[in-house]
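Descriptive analysis of the structure
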Amino acid sequence: NISQNRTPFIIVSHYVGLSIPALDSFLKTEHMEDNYIGKNTLVGVYGNFRSLGFDLPKPVLCEFAKFHNIDTNVYTALRRYVEDFGYLGMLGICWLLGFFYTLFYNRIKYHESTPFAIIAYAIFCHPLFTFSQDEGFLSAFVNSYGISVIILLFLLIRVLIRIR
């Protein structure tokens, strides 16, 4: 709520600045293990299987952490990775993301700067910028949406090149 004491600047600064303390709070508490791998990050995959009739859990919001009368449920991507895959899984995913983005960037920079490659990189690199707020790569692109974006982007560029 915006008020005299909570200006839009204060609200945005809390949103941006509380993710690391919230992650710290999450990591200091014990959590029950879950039988579902990737329940927080592979929501698109779970949604696809639910639409096929499988009885799988729906995604839920992260619990809120309270700091000096301010609530937040923003925990960084690391929180979801740790909860879904454990510490080793989180390290592996971060390594794979770093490897993938570096490989993709270097491919564009040194070898192939086609319009398709540049636009695809621009679309898929947004999770790098939101990593400190929430997970964006697995939940957004490892599903039918990500595949359809790539296919539609490829077809659109092919059509535009032929028209030109």
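The present account deals with the structure reproduced in this document.

Next up on the list: the packing of aromatic side chains. The relative placement of two aromatic rings is captured by the distance of their centres and the angle of their planes. Going through the model one piece at a time under the given rule, you end up with 12 aromatic pairs. A centroid spacing of 5.3 Å and a plane angle of 10° characterise the contact between Trp95 and Phe99, whose relative ring orientation is stacked. Note that Trp95 and Phe99 are positioned in helix H4 (residues 77–110) at a spacing of 4 residues, about one turn of the helix. A relative accessible area of 46% means that Phe99 is categorised as partly exposed. Ring geometry for Phe104 versus Tyr121: centroids 5.2 Å apart, planes at 90°, classification edge-to-face. Remark: Tyr121 occurs in helix H5 (residues 115–124) and Phe104 occurs in helix H4; sequence separation between them is 17 residues. Overall, the relative accessible area of 17% leaves Tyr121 in the buried class. Members of the aromatic cluster, each reached through a chain of ring pairs, are Phe100, Tyr101, Phe104, Tyr105, Tyr121 and Phe137. Its end group placed over the ring of Phe26, Arg79 keeps NZ or CZ at 4.3 Å from the ring centre.

Here we come to the side chain of Gln133. Examined against the element boundaries, Gln133 turns out to sit in the loop between helix H6 (126–130) and helix H7 (137–141). Leave out the neighbours within four places in its chain, and Gln133 touches Tyr15, Val16, Ser19, Val74, Tyr75 and Thr76.

So, on to H4. With 34 residues, H4 extends only 30 Å from end C-alpha to end C-alpha; this falls clearly short of the ideal 50 Å at 1.5 Å per step. Taking the largest bend as the criterion, H4 deviates by roughly 125°, centred on Phe85. Taking the backbone nitrogen of Leu78 as reference, a side-chain oxygen 3.2 Å away marks Thr76 as the first, capping residue of H4.

Here is what the cut-offs are and how they apply
Residues numbered from 1 in each chain as written. Predicted model: local features only at pLDDT ≥ 70, side-chain atom pairs only at ≥ 80, totals over all residues. Heavy atoms only, no water. Phe/Tyr/Trp six-rings, centres within 6.5 Å; stacked < 30°, edge-to-face > 60°. Helix = DSSP H or I, 4+ residues; strand = E, 2+ residues; numbered from the N terminus. Buried < 20%, exposed > 50% of the residue type's maximum accessible area, 1.4 Å probe, protein only. Lys NZ or Arg CZ within 6 Å of the ring centre and 35° of its normal. Contact = heavy atoms within 4.5 Å. Expected span 1.5 Å × (residues − 1). Bend = angle between axes of the 7 residues up to and from the residue. Polar contact = N/O pair within 3.5 Å; in protein donor to acceptor, adjacent residues only side chain to side chain.

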